[in-house]
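# A look at the structure
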Amino acid sequence: YKIGSFTLYPDVSSGVFFDDNIYATRTDQKSDWIGAISPRLVLASNWQRNQLVAEAQGDFTGYNKFSRENTIDWHTSVEGRIDATRATQVLLGGQAMKEHEDRASPDAVDGLTPTIYHEYHGYAGIVHHFGSYTARFGTSIKALTFDDVDSTHGVINNQDRNRDRYEVGGLIRYDRHSVFRPYIQ
């Protein structure tokens, strides 16, 4: 759908499937039918220069017999590109999401419900083309936080799993050849 100088892309996917071992155990296997629905919206700019893209998605999963396994996850992101010159672009972006760990995770043993975690990620970078070369430099930060979970033996304290990760990187690439592009990163 055209909305001014943007285009909105709505999407919904859904499905039903059967899992014969929902807890991924070697013994006492439990099976269930599971339904999932994932609505998604993407809003993208239609500008001659620069670009902005925003996305939001939900993932709703429901179990027929084991409702403790039901999950509601979501993802959001915003990404932008500023065309400073014909040869230089500035890249900016951020993501936020709420997810759950797979039940086969060794950190989720004996949990009564799936372990929920949140992830926040922001980044910035610059790309410059000069002659037959492209140079990129960027930095990012990611924060992960895990919720505590009730278990068969009390509460699983997941605070020790919370962490921040910082990254810095660069790349120089030779672009003259259309198939082979050597680079240093």
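The structure contained in this document is the topic of the report that follows. (Residues numbered from 1 in each chain as written. Predicted model: local features only at pLDDT ≥ 70, side-chain atom pairs only at ≥ 80, totals over all residues. Heavy atoms only, no water.)

### Side note on the side chain of Asp83
Relative to the assigned elements, Asp83 resides in strand β5 (residues 71-83). Using a relative accessible area of 11% as the deciding quantity, one classes Asp83 as buried. Asp83 has contacts with Arg49, Asn50, Thr88 and Gln89, leaving out every residue within four places of it along the chain. (Helix = DSSP H or I, 4+ residues; strand = E, 2+ residues; numbered from the N terminus. Buried < 20%, exposed > 50% of the residue type's maximum accessible area, 1.4 Å probe, protein only. Contact = heavy atoms within 4.5 Å.)

### Structural notes on the pattern of salt bridges
When the charged atoms of two side chains lie near each other, side chains of opposite charge can form a pair. Per the counting criterion, the structure on display carries 8 salt bridges. Glu119 is the partner of Lys142 in a salt bridge, and the nearest nitrogen-oxygen pair spans 3.5 Å. Here the residue Lys142 occupies a position in strand β8 (residues 133-146), and Glu119 occupies one in strand β7 (residues 116-130), the gap between them amounting to 23 residues. Taking relative accessible area as the criterion, Glu119 reaches 13% and is therefore assigned buried. Across the pair Asp175 and Arg173 runs a salt bridge whose closest N-O atoms are separated by 2.6 Å. What makes Arg173 partly exposed here is its relative accessible area of 21%. Residues joined by salt bridges that share partners form a network here, namely Glu101, Asp107 and Arg161. (Salt bridge = Lys/Arg side-chain N within 4 Å of Asp/Glu carboxyl O.)

### Quick notes on the pairing of β5
Note that strand β4 (residues 51-63) and β5 share 11 bridges and pair antiparallel. Looking at β5, one finds that Gly58 is bridged to Trp74. One ladder, built from 10 bridges, connects β5 with strand β6 (residues 88-100); its direction is antiparallel. Along β6, the bridge assignment pairs Trp74 with Lys98. Hairpin connection from β5 to β6: 4 residues lie between these consecutive antiparallel strands. (Pairing = 2+ DSSP bridges.)

### Remarks on unusual backbone geometry
In this structure, Ala24 takes a positive phi of about 55 degrees despite not being glycine. One non-glycine residue, Asn50, lies in the positive phi region at around 65 degrees. Note that Asn50 resides in the loop between β3 (32-45) and β4. Residue Asn50 is classed as partly exposed on the basis of its relative accessible area of 28%.

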